[in-house]
Amino acid sequence: MSEFQKFMFEGLPVRGVVVRLTDSWQELQARRQEPLPDAVMALLGEMSACALLLQGNLKFQGALVMQMSGDGPVKLAVAEARTDLSYRATANVTGAVPRLDSKGQFDLADLLNVHGGGRCAITLDADDRPPGVHPYQGVVPLNDEHAARFSRLAQAVEQYMKLSEQLDTKIVLAADAHSAAGMLIQRMPLEGEANLEGRVGAEQAAELLDAFPRIAMKVATLQPEELLRLPMDELLHRLFWEEPLRRFEPATPRFACTCSRERVGRMLVGLGREEIESILAERADVEVACNFCGAPYRFDAVDCAQLFQAAGSVAPPQGSVQ
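Each chain has its residues counted from 1, following the order in which its sequence is written. Where local features are concerned, this predicted model is filtered to residues with pLDDT of at least 70; where side-chain atom pairs are given and counted, the filter is 80 or more; whole-chain, interface and lining totals use all residues. To get the side-chain values, all heavy atoms of the structure are used, and hydrogens and water are removed first.

A. Fine view of the overall build of the protein chain. On a plain count of helices and strands, the protein chain comes out with eleven helices and 13 strands. The C-alpha radius of gyration of the protein chain comes to 22 Å, within 12% of the 20 Å expected for a compact globule of 322 residues. Counting only C-alpha atoms, the protein chain reaches 75 × 45 × 40 Å along its principal axes. Counting only residues that meet the buried cut, the protein chain has 46% of its 322 residues in that class. Put simply, the protein chain shows about 16,400 Å² of open surface, and 50% of that area lies on carbon and sulfur atoms. Strands are runs of DSSP state E lasting at least 2 residues, helices are runs of H or I lasting at least 4, and numbering of each runs from the N terminus. This radius of gyration counts C-alpha atoms alone. The globule rule is 2.2 Å times how many residues there are, raised to the power 0.38. For each residue, the accessible area found with a 1.4 Å probe, counting protein chains only, is set against the maximum for its type, and the residue is called buried under 20%, exposed over 50%, and partly exposed in between. Residue burial considers only the protein chains on display, and all accessible areas are found by Shrake-Rupley using a 1.4 Å probe.

Quick look at the structure:
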């Protein structure tokens, strides 16, 4: 079963989340109509785990959408995680994808950031967002402050958390054909940090300030095989047996898609009547398969006419967030 576990360190300003996707990750792969290259699936596995880590670490009701776009063979990769820990992911590939290396890992720059134009965008789309109000979105480059390209997805997301949320964060991610997993450790703000030593004493202040870098160093020692295979209890004990760890009630992530016939219909209206009629002139119906789950949707000439009649007018083509 897929697993999701929040935890914190008693008396220390550090919290964490760990996730491992097994059955749900295999279901996501099985739903695809056409297989993607191994390196792209590994990217989607890490993105799925990471989106769940970020979603589970927020007090937020809605969808967290992680988008990676760039100038490599992977033009766009998307992972979405919702409050109930349901998730989905997909990618658009337009060129030859490098193979995984000898350790079964991919290079993020080779997939998305060949010429330095890659971007990571994280969008928070609240369930109660009023009509006409755009969702919150933060965007960071897939390069560090010296323009060096990131090789790992975790580096890009850590930069996003540092620049957009001003939070020190350590993330480790791994994925293969059987499972996808990740762990996130985050430094929590300390009240009155500027005068911390005066309030709690030099020794306790040093302990509080040292907690995050000390714990982050332990997390950095995690090997992909450990993250993907070790039982959750053993994994946490092996890393944090010396720390005052408090675990919360575990949860179970699941693969789920939010596509619907109504949403696909709106997409067809957005393409415009002329485009749809040209498709119908060549075949009996318009067939669309969801990129996330592979679900097929068919619209015949009568269905399409009803779509445009209900819309009231021909909508111009529009960009969309997958």
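Following the structure, the description resumes.
B. Local environment of unusual backbone geometry. One non-glycine residue, Leu-85, adopts positive backbone phi at about 70°. Relative to the helices and strands, Leu-85 resides in the loop between strand S4 (74-82) and strand S5 (86-93). Given the relative accessible area of 8%, Leu-85 is considered buried. Residue Ala-147 is not a glycine yet carries a positive backbone phi of 70°. Tracing the sequence through the fold places Ala-147 in the loop between strand S7 (136-141) and helix H4 (153-164).

C. Representation of the packing of helix H1 (residues 23-31) against helix H2 (residues 38-56). Where helices are involved, their axes are fitted lines through C-alpha atoms of the stretch in contact, as for all axes, and angles between N-to-C directions lie from 0 to 180°. For the pair H1 and H2, interaxial distance at closest approach is 12 Å and the crossing angle is 135°. Classified by the angle their axes make, H1 and H2 are oblique. Handedness of the crossing formed by H1 with H2: right-handed. Two secondary-structure elements touch here, H1 through Trp-25, Leu-28 and Gln-29 and H2 through Met-41, Leu-44, Gly-45 and Ser-48. Its residues assigned to classes, the contact of H1 with H2 shows four nonpolar, three polar and no charged. Comment on the angle field: the value is read as roughly parallel under 35 degrees, roughly antiparallel over 145, roughly perpendicular from 65 to 115, and oblique elsewhere. Crossings are classed by handedness, with left-handed meaning an anticlockwise turn of the near helix from the far one by less than a right angle and right-handed meaning a clockwise turn. The contact definition used throughout considers only heavy atoms, calling two residues in contact when any of these lie within 4.5 Å. Ten residue types, Ala, Val, Leu, Ile, Met, Phe, Trp, Tyr, Cys and Pro, are classed as nonpolar, four, Asp, Glu, Lys and Arg, as charged, and the remainder, Gly among them, as polar.

D. Examining the confidence of the model for the protein chain more closely. Scored from 0 to 100, pLDDT reflects the predictor's confidence in each residue. Of all residues in the protein chain, 91% have pLDDT values of 70 or greater, and the mean over the chain is 86. Counting interchain partners and residues more than four positions distant, the pLDDT-below-50 stretch residues 313-322 has 20 contacts.

E. Up close: the pattern of salt bridges. Within this document, salt bridges are pairs made up of a side-chain nitrogen of Lys or Arg and a carboxyl oxygen of Asp or Glu, the two lying within 4 Å of each other. The full count for this structure, using the stated rule, is 21 salt bridges. A salt bridge links Lys-218 to Glu-243; the nearest nitrogen and oxygen atoms lie 2.7 Å apart. Note that Lys-218 is positioned in helix H6 (residues 202-220) and Glu-243 in the loop between helix H8 (232-240) and strand S10 (245-247), a separation of 25 residues in sequence. On the basis of relative accessibility, which here comes to 18%, the residue Lys-218 falls in the buried class. Where Arg-238 meets Glu-234, a salt bridge forms, and the shortest distance between an N and an O atom there is 3.0 Å.

F. Summary view of the environment of Pro-213. Along the chain, Pro-213 falls in helix H6. The class for Pro-213 is partly exposed, based on a relative accessible area of 39%.

G. Molecular detail of the sheet that holds strand S8 (residues 169-175). Read across the sheet, five strands follow the order S8-S9-S2-S1-S10 without closing on themselves; strand pairing throughout is antiparallel. Strand pairing shows two members of the sheet lacking a second neighbour, S8 and S10, which therefore form its edges. On average, each strand axis in the sheet is tilted by 15° relative to the strand beside it, whichever way the strands run. Note on pairing: DSSP must find at least two bridges between two strands before they are called paired. Here seven bridges tie S8 to strand S9 (residues 180-187), and the two strands are oriented antiparallel to one another. When the bridges of S9 are listed, Ala-174 appears paired with Ala-181. Contacting S8 and S9, H4 crosses the sheet at an angle of about 150° to S8.

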